[in-house]
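Residue-level structure breakdown
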2 protein chains.
Amino acid sequence: MAGTASPEAAPETVRPREDRGASQSVRAQLALRELLLSGEIAPGARLSELAIVERIGVSRTPVRAALTLLAEEGLVEPIPSGGFAARAFSEQDVRDSIELRGTLEGLAVRLAAERGISALAARTLQDLLARLDEVVAGPLAGPDAFERYIALNAEWHREITGLAGSRVVERQIERVMALPFASPSAFVMAQAQTGEARRILTLAQDQHHAVVEAILQREGARAEALMREHSRLASRNLANAARSRQAMAQVPGGALIRLRPV
Amino acid sequence: MAGTASPEAAPETVRPREDRGASQSVRAQLALRELLLSGEIAPGARLSELAIVERIGVSRTPVRAALTLLAEEGLVEPIPSGGFAARAFSEQDVRDSIELRGTLEGLAVRLAAERGISALAARTLQDLLARLDEVVAGPLAGPDAFERYIALNAEWHREITGLAGSRVVERQIERVMALPFASPSAFVMAQAQTGEARRILTLAQDQHHAVVEAILQREGARAEALMREHSRLASRNLANAARSRQAMAQVPGGALIRLRPV
DNA sequence: CAGCGCATTGATGTATACATGACATCGGAA
DNA sequence: TTCCGATGTCATGTATACATCAATGCGCTG
């Protein structure tokens, strides 16, 4: 779906792998997001379309589309006089985002509990829990175990999100998690180095179990409360990680967070 | 900031007043939204860019931008093969949207209560309450009183939304309310004709008072619970309105709602 | 007569040309 | 020397031209 006016073979911009088949707009969006999250484009900096064009290697139109979408996501904000600037986040913003996720996930599990879930969904959840149990119980040496935990954890949360059977709720949760530091596993890696890692993973996993149990027992309020509390684990991890620059470097989008509020 | 290649004076498309100073993109977005909400473009229908161009009188670029934004808002959904289609909503979708709003507004007031609000904000809220009191106590003949209620109610909810002092939360609430039937006053007009009108407005207004009191007393949990319950008034009104086609015509975006699920 | 394949049509995605507004720099006057 | 204004440059917003892809209809074949 493309109208390459074929500008004599793109000027050798790096193509991060999955870009292959994607449309130029998607390519631009991924590339720009990457530049923002890594901090290569500093928070607060104005984003000139032409500068991005040169950096990404696609024309202005898809760049523009990408900027619009990223503005919707909140990673970029429109400047009154036109154009966009990379957005900076305060520690408070991050806390609020986490609280927001907790609240919305809480809503999702409450609705799931009240409305009931399918046997298939129940099995999927149990299965994920079992696999998470293995990781948490196993050796936590090296980043492998943590990466596996993050993957499974993300899957569990995605499953939970869809459980209410509500497109509207699901969409909304996706929107919150567009901010990378709001994602459920955002601070796992930051905690990996500390001695607390196993303790925190144990707590989190126990909450996972409790939430599933509450949903199956149709205890909506309990499921909701648990899910909220679960998200606060991330807030606690944020508080710890915020003390060290090195830890924040492990957090996705950590470069966007201004620790000492400007 | 515009590059009108000056196509010899636009072909006499209607300009709905506020369009005057706005950019073409904004103009397109407003016009398209209007077409969608009024049902002039039927839910499910595919939106051809060129057709819209002819209808609105702006070129493809701003139309495209408008479509992208409306897709983010959820009024329009992307078609896998490209392009967009007007989205249809089920009664369940509407209920979920209202529940979502209640949950998020609940979060906002809880945070407001926990963090405390400024004296100025408190005064503003009290002032709005007093003016709402007048309307509710006064004669409810004709649409004037209801329109006044809707305006004040919208303002009260907007104020509440900002009370937490959290950009993140505020943004998210705005997103939910992009769906017009999720707005706080969506079903007021539909209830205006029925004899229930005064009773329901009285209940709603009492909840407004209670919420403000809870916030001032720093009773976060109470404020949250009240705010949620407040939104359920809208759900009830939906249930009533859904019985009559005429009532649904009074609801903003009512044309998008497929009553008997497809 | 039905089913499959191909061509044609129309749309979207992309690139670029152009006009307008914003911002910075430079010059002049007080 | 400082402040104000004018001018020039640059970037954005918009319009349009072009290339590619999906869908549809027709013709051919079994």
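Everything here concerns the structure above.
Now for a description of the structure that goes with this document. Please read these numbers as outputs of a predicted model, since none were measured by experiment. (Residues numbered from 1 in each chain as written. Chains lettered and ligands numbered in written order. Predicted model: local features only at pLDDT ≥ 70, side-chain atom pairs only at ≥ 80, totals over all residues. Heavy atoms only, no water.)

Structural notes on the overall build of chain A
Worth spelling out the cut-off: Helix numbering and strand numbering both begin at the N terminus, where a helix is a DSSP run of H or I of at least 4 residues and a strand a DSSP run of E of at least 2. The size measure is the radius of gyration over C-alpha atoms, and the globule rule it meets is 2.2 Å times the number of residues to the 0.38 power. Using a 1.4 Å probe on the protein chains alone, a residue whose accessible area is under 20% of its type maximum counts as buried, one over 50% counts as exposed, and one in between counts as partly exposed. Contacts: residue pairs with any heavy atoms within 4.5 Å of one another.
In terms of regular secondary structure, chain A is built from 11 helices and five strands. Against the 2.2 N^0.38 benchmark of 18 Å for 262 residues, chain A shows a C-alpha radius of gyration of 20 Å, consistent with a compact globule. Seen along its three principal axes, the alpha-carbon backbone of chain A occupies a region of about 60 × 40 × 35 Å. Out of the 262 residues in chain A, the part that is buried amounts to 50%. Relative to all contacts within chain A whose residues are 6 or more apart in sequence, the contacts with residues 24 or more apart total 74%.

Things to note about helix α7 (residues 167–176) of chain A
In an α-helix, one turn spans 3.6 residues, which is why side chains three or four residues apart end up on the same side. Stated precisely, the cut-off is as follows: The arc in question is the one traced by the directions running from the helix axis out to the C-beta atoms.
All buried positions along α7 of chain A are accounted for by Val 168, Val 169, Gln 172, Ile 173, Arg 175 and Val 176 of chain A. End-on, the buried residues of α7 of chain A take up no more than an arc of 155°, which puts them together on one face. In this fold, the buried residues of α7 of chain A make contact with α3 (60–73), α4 (91–115) and α6 (142–162) of chain A together with α3 (60–73), α4 (91–115) and α7 (167–177) of chain B.

Some points on the sheet that holds strand β2 (residues 76–78) of chain A
All names here are of chain A. What counts, and what does not: Here, a strand pair is defined by DSSP locating no fewer than two bridges between the strands.
Taken in spatial order, the three strands make up an open sheet running β1-β3-β2, and their pairing is antiparallel. Strands at the two margins of the open sheet, each flanked by one partner only, are β1 (46–47) and β2. Relative to strand β3 (residues 84–86), β1 is paired through two bridges, and the arrangement is antiparallel. Bridging across to β3, Arg 46 finds its partner in Ala 85.

Examining the interface of chain B and chain A
Reports of interface size often rely on the accessible area that becomes lost once the parts have come together. We apply this condition: Summed over both partners, the accessible area lost on bringing two parts together, with a 1.4 Å probe, is the buried area. As used in this structure description, the phrase polar contact means that two N or O atoms lie within 3.5 Å; if the pair is within protein, one of them must be able to donate a hydrogen and the other to accept it, and residues adjacent in sequence are counted only when both atoms belong to side chains. Here the nonpolar group is Ala, Val, Leu, Ile, Met, Phe, Trp, Tyr, Cys and Pro; Asp, Glu, Lys and Arg are the charged ones; every other residue, Gly included, is treated as polar.
If you look at the interface, chain B gives 32 residues, while chain A gives 32 residues. Here chain B meets chain A over a buried area of about 2800 Å², counting both sides, of which 49% is carbon and sulfur. Run the count over chain B and chain A and you get 17 residue pairs in polar contact (both at pLDDT 80 or more). Looking at the side of chain B that touches chain A, the element that brings in the most residues is α4 of chain B, giving 11 residues. Class assignment for the residues of the side of chain B that touches chain A results in 10 nonpolar, eight polar and 14 charged.

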